[in-house]
Amino acid sequence: MPLGAHVDHAEVRERLADAASEIGWQDRLAAEEGRELREHLAGCVTCRADAAAWTRTTDALRAAAPLADARELAGSTALSGDLRARTIALVRAAGVQRDGAPRAAPAPAAPREAYAQPPAFLASGRTRWPWRRLGVLAAAAAVVLLAGGATGLQLIGQRDQAQADVADLTHLTATLDQVLSDPSRQVVTLASAPGGGPGGTVAWSAASSELVVISDALAPAPEGQLYRCWVERNGVRTSVGRMRFTGSIAYWAGQMDSWGGTLAHGDRFGVSLASASASGGGGGDPVLFGTF
Amino acid sequence: MDGWTPESDPGLMARVVLGDEDAFAALYDRYAAAVFGAAVRLLGDRNVAEEVVQETYLALWNRADRFNPAAGSLVGWLLTIARNRSVDRLRAAGRRPALVSIGGQSGDDMPDDEAFERVLAAGEPVGMAAVAQDPEDALERSWTRGVVRAVIAGMPDTERVALELAYDEGLTQTEIAERLGWPLGTVKTRTRRALLRLRGALEGVLGDGDAIGGARGSR
């Protein structure tokens, strides 16, 4: 059916979709039989974009042939039966709060149920982010929160700390997720010094100027000292902030406003012990460091 | 497949924004297999691919309020996140697609990617063969192929067989109708649905952000 004088773009897209259903459609479009459609596409950006999308799709389809093998080999790529439960447990533990109520509002028994299926990557020993510990700490903090509310004044201090811990962990996981959503993000493994074994990870997003550093290898800072994280370029060290502790996890998460630039190849990121009374600076020798 | 319903992708995402775990679980059931299938084909490691699935769905939960159905399909969005996570893993491990060729190991002329999948199915350790001089190109091609195969593996049989006959055997829609004994209109509908699924899944992979109404591939 020829295209009418007043072209119906929906009709053009129908014809493109029909054409893409058969192999070799681009050749037919380029031949005489496709002249009318080609003439329309030449003058219509919207329909031309639609044709381009079909081209990309069918090119990918041809490149993946033979398609019949996809089903035959599906068994090797089938999901583990318990991955669903583990994924839901992870979201409950580390996902942002969405229902307007504290995530651990249920009875104290709920956190143990939520962690019946720990994330597989912990069992595999390939932990990069200590999700399970973050989640357990958040749940434990919430349990103390509930217990504090029920048993009286002597737990008010613990309850306040638990509230702060839950808020901190929520901020940490939200910032981490924001950084990891940036396609151009940089992630660097931090080495413990001396020795050089992995001791933490730092992730940086140039798009949002947000940075997250997490380590489970730092012992609590001695009295009067703290851990300060910094960035060093050309020998000049700029303080980023003070590492915070939640349980055994040390971390810093936030925007690098003080840095004012982008982390480049060769920049060093590190964590050092510093005097708590010092106003800033990068402290002493690094206890964790890595190079972008 | 078209339009907003509580069980459509936009409908389920709107429920996830409100903290509906059942809606989140429904989206897991709908697309996790495709995400895992693409990731494991690229990474060659089931455990790491499962981590990618978990991280991808955590991102879905955390960023549900940022999903814009007018900008692209949900499955394309998920696969983009999964691809980025998978590439991170490869780079962190210092791996590149241009490693040991396994086509020779398989002993025949099958393409390296297909040989890889067969060896993976047998549970043997594998490497990935370069199909291009540029390792980044090889990675993109490998990921795209994995997405296509994962989506096809998860399609209803009626859609998949129509697509296979069209693209593996080069049959016309009329020939497919005769082969399967289906009305021509049914063949067209099922092939169209299959292609739309694929197009939606590939949106993020191939940079197709110009989702046009009526050709989006979303449910």
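Bear in mind that the values here come from a model prediction, so they are computed numbers and not experimental data. (Residues numbered from 1 in each chain as written. Chains lettered and ligands numbered in written order. Predicted model: local features only at pLDDT ≥ 70, side-chain atom pairs only at ≥ 80, totals over all residues. Heavy atoms only, no water.)

Engineer: So what exactly am I meant to see when it comes to the interface of chain B and chain A here?
Structural biologist: One frequent convention defines the size of an interface as the accessible area lost when the parts assemble. With 73 residues of chain B at the contact, the number on the chain A side is 66 residues. Buried area between chain B and chain A, summed over both chains or domains, comes out near 6,300 Å², and the portion from carbon and sulfur atoms is 54%. Of all residues in chain B, B:Q54, B:Y167 and B:R192 give up the largest surface area on contact with chain A, accounting jointly for 13% of the area buried on that side. Linking chain B with chain A are seven salt bridges, by the criterion used here. (Contact = heavy atoms within 4.5 Å. Buried area = accessible area lost by both parts, 1.4 Å probe. Salt bridge = Lys/Arg side-chain N within 4 Å of Asp/Glu carboxyl O.)

Engineer: Mind showing me how you'd approach the nonpolar core here?
Structural biologist: Most often, soluble globular proteins have nonpolar side chains that are buried together. Ranked by size, the top nonpolar core spans 82 residues in total, and within it A:L61, B:Y57, B:L60, B:V148 and B:L163 carry the most contacts. Considering each element in turn, this core owes the most residues, 15 residues, to helix α2 (residues 21–43) of chain B. Excluding residues within four positions of it along the chain, B:Y57 makes contact with A:T87, A:V91, B:F24, B:L27, B:Y28, B:Y31, B:A32 and B:L78. Core analysis: the next-biggest nonpolar cluster, separate from the first, contains 20 residues, A:W204, A:V213, A:L218 and A:V231 among them. (Core = buried A, V, L, I, M, F, W, Y, C linked by side-chain atoms within 4.5 Å. Buried < 20%, exposed > 50% of the residue type's maximum accessible area, 1.4 Å probe, protein only. Helix = DSSP H or I, 4+ residues; strand = E, 2+ residues; numbered from the N terminus.)

Engineer: What's the story with the pattern of salt bridges in this structure? I'm lost.
Structural biologist: Once their charged atoms are close, side chains differing in charge can pair, the charge on each being opposite to the other. In total, this model carries 26 salt bridges over all chains according to the counting rule given. Here A:R86 makes a salt bridge to A:D82, at a shortest N to O gap of 2.9 Å. A:R86 sits in the buried class, given a relative accessible area of 5%. One salt bridge connects B:R160 with B:D157, and the closest N-O pair in it is separated by 3.0 Å. Here the residue B:R160 and the residue B:D157 both occupy positions in helix α8 (residues 157–167), the gap between them amounting to three residues, near one helical turn. B:D157 gets classed as partly exposed once you look at its relative accessible area, which sits at 46%. Taken together, the salt bridges that share partners define one network made up of B:E51, B:E55, B:R85 and B:R89.

Engineer: It is not clear to me how the packing of α2(B) against helix α4 (residues 74–92) of chain B should be interpreted in this structure. Could you clarify?
Structural biologist: Describing two packed helices takes the angle between their axes plus the distance from one axis to the other. Residue and element names in this part refer to chain B. Remark: α2 packs on α4, axes separated minimally by 10 Å, with the N-to-C direction vectors making an angle of 35°. α4 is crossed by α2, and the crossing has right-handed handedness. In contact with L27, Y31, A34, V35, A38, A39, L42 and L43 of α2, α4 contributes L74, V75, L78, L79, A82, S86, R89 and L90. Looking at the contact of α2 with α4 residue by residue, the class counts come to 14 nonpolar, one polar and one charged. (Axes fitted to C-alpha atoms, helices over the stretch in contact; angles between N-to-C directions. Left-handed = near helix turned anticlockwise from the far one by under 90°. Nonpolar A, V, L, I, M, F, W, Y, C, P; charged D, E, K, R; others polar.)

Engineer: Could you clarify how one ought to interpret unusual backbone geometry in this entry?
Structural biologist: Keep in mind that most residues, glycine aside, have a negative phi and that most peptide bonds are trans. Residues and elements named next belong to chain A. In the segment running from A65 into P66, the intervening peptide bond is cis, with an omega of 5°. The residue P66 is located in the loop between α4 (45–63) and α5 (68–72) in this model. Phi at N234 takes a positive value of approximately 50°, unusual for a residue other than glycine. Mapping N234 onto the fold places it in the loop between β4 (225–233) and β5 (236–242).

Engineer: Teacher, can you tell me more about the confidence of the model for chain B here?
Structural biologist: Interpreting fine coordinate detail is not advised for predicted regions of low pLDDT. Residues and elements named next belong to chain B. For chain B, the average pLDDT comes to 79, and 74% of its residues sit at 70 or higher. Across chain B, element-level confidence peaks in helix α9 (residues 173–180) with a mean pLDDT of 94 and bottoms out in helix α5 (residues 103–106) with 46. Contacts for the low-pLDDT stretch residues 123–132, under 50 throughout, to residues beyond four places or in other chains number 28 contacts. Residue range residues 208–219 is modelled with pLDDT below 50. Its contacts to residues more than four positions away, or to other chains, number 40 contacts. If you check the scores for this complex, the pTM reads 0.52 and the ipTM reads 0.72. (pLDDT = per-residue confidence, 0-100.)

Engineer: Explain α2(B) to me, please; I cannot follow it from the model alone.
Structural biologist: Side chains of residues three or four places apart in an α-helix project in the same direction, reflecting 3.6 residues per turn. Residues and elements named next belong to chain B. Helix length check: α2 (23 residues) gives 29 Å between terminal C-alpha atoms against 33 Å at 1.5 Å per residue, more than 12% under. When the local axis directions of α2 are compared, the greatest deviation, roughly 50°, occurs at Y31. Extensive coverage of α2 is indicated by the burial of 17 of its 23 residues. The opening residue of α2 is D20, an N-cap whose side-chain oxygen sits 2.9 Å from the backbone nitrogen of D22. Just downstream of α2 lies G44, where phi reads positive at about 70°. (Expected span 1.5 Å × (residues − 1). Bend = angle between axes of the 7 residues up to and from the residue. Polar contact = N/O pair within 3.5 Å; in protein donor to acceptor, adjacent residues only side chain to side chain.)

Engineer: Can you walk me through α4(B) in this structure?
Structural biologist: Residue and element names in this part refer to chain B. Here α4 contains 19 residues, and its C-alpha end-to-end distance of 27 Å stays within 8% of the 27 Å for a straight helix at 1.5 Å per residue. Burial analysis of α4 places 15 of its 19 residues in the buried class, the great majority of the element. G94 sits one or two residues past α4 and shows a positive phi near 70°.

Engineer: Can you help me understand the sheet that holds strand β7 (residues 249–255) of chain A in this one?
Structural biologist: Strand pairing in a sheet relies on backbone hydrogen bonds. The paired strands run either parallel or antiparallel. All names here are of chain A. The nine strands are arranged β5-β4-β8-β9-β1-β2-β3-β7-β6 in an open sheet whose pairing can be described as antiparallel. Strands at the two margins of the open sheet, each flanked by one partner only, are β5 and β6 (244–246). Put simply, the sheet's adjacent strands are angled 25° from each other on average, direction ignored. Looking at chain direction, strand β1 (residues 186–192) and strand β2 (residues 198–205) are connected through six bridges and run antiparallel. Residue T189 lies in a different strand from β2, and its bridge partner there is T201. (Pairing = 2+ DSSP bridges.)

Engineer: Is there a simple way to think about the environment of A:A93 in this case?
Structural biologist: All names here are of chain A. Within the element layout of this structure, A93 appears in helix α6 (residues 83–94). Its relative accessible area of 14% is what places A93 among the buried residues. Along the primary structure A93 and T173 are separated by 80 residues, whereas in three dimensions their C-alpha atoms are 10.0 Å apart.

Engineer: Where do I start with the packing of aromatic side chains in this structure?
Structural biologist: Where two aromatic rings form a pair, the distance of their centres and the angle of their planes describe that pair. Residues and elements named next belong to chain B. In total, this model carries five aromatic pairs over all chains according to the counting rule given. Ring geometry for F24 and Y57: centres 5.8 Å apart, planes at 85°, overall edge-to-face. Here F24, found in helix α2, pairs with Y57, found in helix α3 (residues 46–62); they are 33 residues apart in sequence, far enough to count as distant. Across the pair, Y57 and F24 agree in class, each one buried. With centroids separated by 5.7 Å and ring planes inclined at 85°, the aromatic side chains of F24 and W61 adopt a geometry described as edge-to-face. Taken together, the residues span a long stretch of sequence, with F24 in helix α2 and W61 in helix α3 at a distance of 37 residues. (Phe/Tyr/Trp six-rings, centres within 6.5 Å; stacked < 30°, edge-to-face > 60°.)

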